[in-house]
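# Overview (structure and organization)
Now for the letters of each chain:
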Amino acid sequence: MDSFDIELFRAIISSRSITQASQALMLSQSAISQRLLRLEQELGIKLIDRQKGIRRVEITEQGARFLELAEKWENSYQEILRLKDTEPDQSLVIASPDSLVNFVLGPFLKRLPSLGYFPRLRTQQSLEIYDLVDNKEADVGFVFRDARYANIVTRSVLREPISMICRPGSPWNERAVHPQQLRKQDEIYLAWSPAIQQWHDYWWNPSTHPVVHVDTPAALLNYLAPGTWAMCPESVVAAYRGNQEIEIHAFAEKPPDRECFLILHKSPGSGRTKMIARFERHLDTFLRALPYHV
């Protein structure tokens, strides 16, 4: 197996067609089929289902797992190839939730190349980020839950108040809105943190469905319509303060702040401790300028 086998398999799966994959790769269908068969024989598993009379192919469960592992192998292989061109103390893998990247850390991340870093950004959920740092697949992580890992150091770096937002023309006129004035059936919901989730479940029945459950602030704002509402941390709210299409209300019963933690591996590896410590110093300088810095 080599990187071309992965590219070939990815082309077949993305198009669900050997014919279209052959056109994309400019190879004959027979060449594609033969190489796929050879790959399956090498691995000893069936990667796709081929049914007579049906042009579209379907990936098998083992095929899906193979693709996931193969892409990880490919990424690792590319990192190995870059070793000769990259100073080991300059590459930096940062794992962070989408909302933090786009509404808090953006200006800081843009400055990293000028500070001598070659950053690689991975947007993930908090628990996935813990695993990345624990496995040393990420140098630093930002998370919204304080989980206990034997090999990870956790430090609180941000605390943001939570507000309610809605569209003009929505039925809430008070500056501060009580949770009892809001229906979960009208909510555009995003799980900001476990502490906020606990507060949310106290006021609204967890079994009641919101309008939609999203995982990024951009999606939240796309779904926000007159008569619906959403909870947002200050960094997201600040980006839309003054925008005539968004109304911002405080909560009469204050939710917990959204707390952000920086996580690091206790033993990051040879040559990386000083690099990460320097990153922390630059990060702290940036965060101290924010109104919601811890």
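The structure under discussion appears in the preceding block.
Below you will find a few notes about this structure. Bear in mind the structure is a predicted one, so any value in this text is a computation, not a measurement.

### Considering the sheet that holds strand S13 (residues 258–265)
Taking strand neighbours across the sheet as the criterion, the five strands line up as S4-S3-S5-S13-S6 in an open arrangement whose pairing is mixed. Strand pairing shows two members of the sheet lacking a second neighbour, strand S4 (118–123) and strand S6 (152–160), which therefore form its edges. Neighbour-to-neighbour, the strand axes of this sheet turn through a mean angle of 20 degrees, independent of strand direction.

### A look at the packing of helix H1 (residues 3–15) against helix H2 (residues 18–25)
For the pair H1 and H2, interaxial distance at closest approach is 8 Å and the crossing angle is 130 degrees. By the angle between their directions, the pair H1 and H2 is classed as oblique. In the crossing of H1 with H2, the sense of the turn from one axis to the other is right-handed. On the side of H1, the interface is formed by Phe4, Glu7, Leu8, Ala11, Ile12 and Ser15, while H2 contributes Ile18, Gln20, Ala21 and Leu25. Residues that form the contact of H1 with H2 fall into these classes: seven nonpolar, two polar and one charged.

### As for the pairing of S13
With seven of eight residues buried, S13 is to be regarded as a mostly interior element. Examined bridge by bridge, strand S5 (residues 140–143) and S13 share four bridges and lie antiparallel to one another. Bridged to valine 143 within S13 is phenylalanine 261. Where S6 meets S13, eight bridges bridge the pair, whose relative direction is antiparallel. Pairing of arginine 159 across the sheet is with glutamate 259, part of S13.

### Some thoughts on the pattern of salt bridges
Going through the model one piece at a time under the given rule, you end up with twelve salt bridges. A salt bridge links aspartate 284 to arginine 155, with the nearest nitrogen and oxygen atoms 3.3 Å apart. Remark: arginine 155 occurs in strand S6 and aspartate 284 occurs in helix H10 (residues 273–288); sequence separation between them is 129 residues. Here aspartate 186 makes a salt bridge to arginine 183, at a shortest N to O gap of 3.0 Å. Under the relative-accessibility criterion, aspartate 186 is labelled buried at 18%. Within this structure, Arg159, Lys254, Asp257 and Glu259 form a network of salt bridges that share partners.

### Concerning the state of the cysteines
Linking two cysteines covalently via their sulfur atoms produces the bond known as a disulfide. Taken as a whole and assessed by the stated rule, the structure comprises zero disulfides. In this structure cysteine 260 is not part of a disulfide, and its nearest cysteine sulfur, from cysteine 232, lies 16 Å away. By relative accessible area, which is 1% here, cysteine 260 ends up buried.

Conventions we followed
- Residues numbered from 1 in each chain as written.
- Predicted model: local features only at pLDDT ≥ 70, side-chain atom pairs only at ≥ 80, totals over all residues.
- Heavy atoms only, no water.
- Pairing = 2+ DSSP bridges.
- Helix = DSSP H or I, 4+ residues; strand = E, 2+ residues; numbered from the N terminus.
- Axes fitted to C-alpha atoms, helices over the stretch in contact; angles between N-to-C directions.
- Parallel < 35°, antiparallel > 145°, perpendicular 65-115°, else oblique.
- Left-handed = near helix turned anticlockwise from the far one by under 90°.
- Contact = heavy atoms within 4.5 Å.
- Nonpolar A, V, L, I, M, F, W, Y, C, P; charged D, E, K, R; others polar.
- Buried < 20%, exposed > 50% of the residue type's maximum accessible area, 1.4 Å probe, protein only.
- Salt bridge = Lys/Arg side-chain N within 4 Å of Asp/Glu carboxyl O.
- Disulfide = S-S within 2.5 Å.

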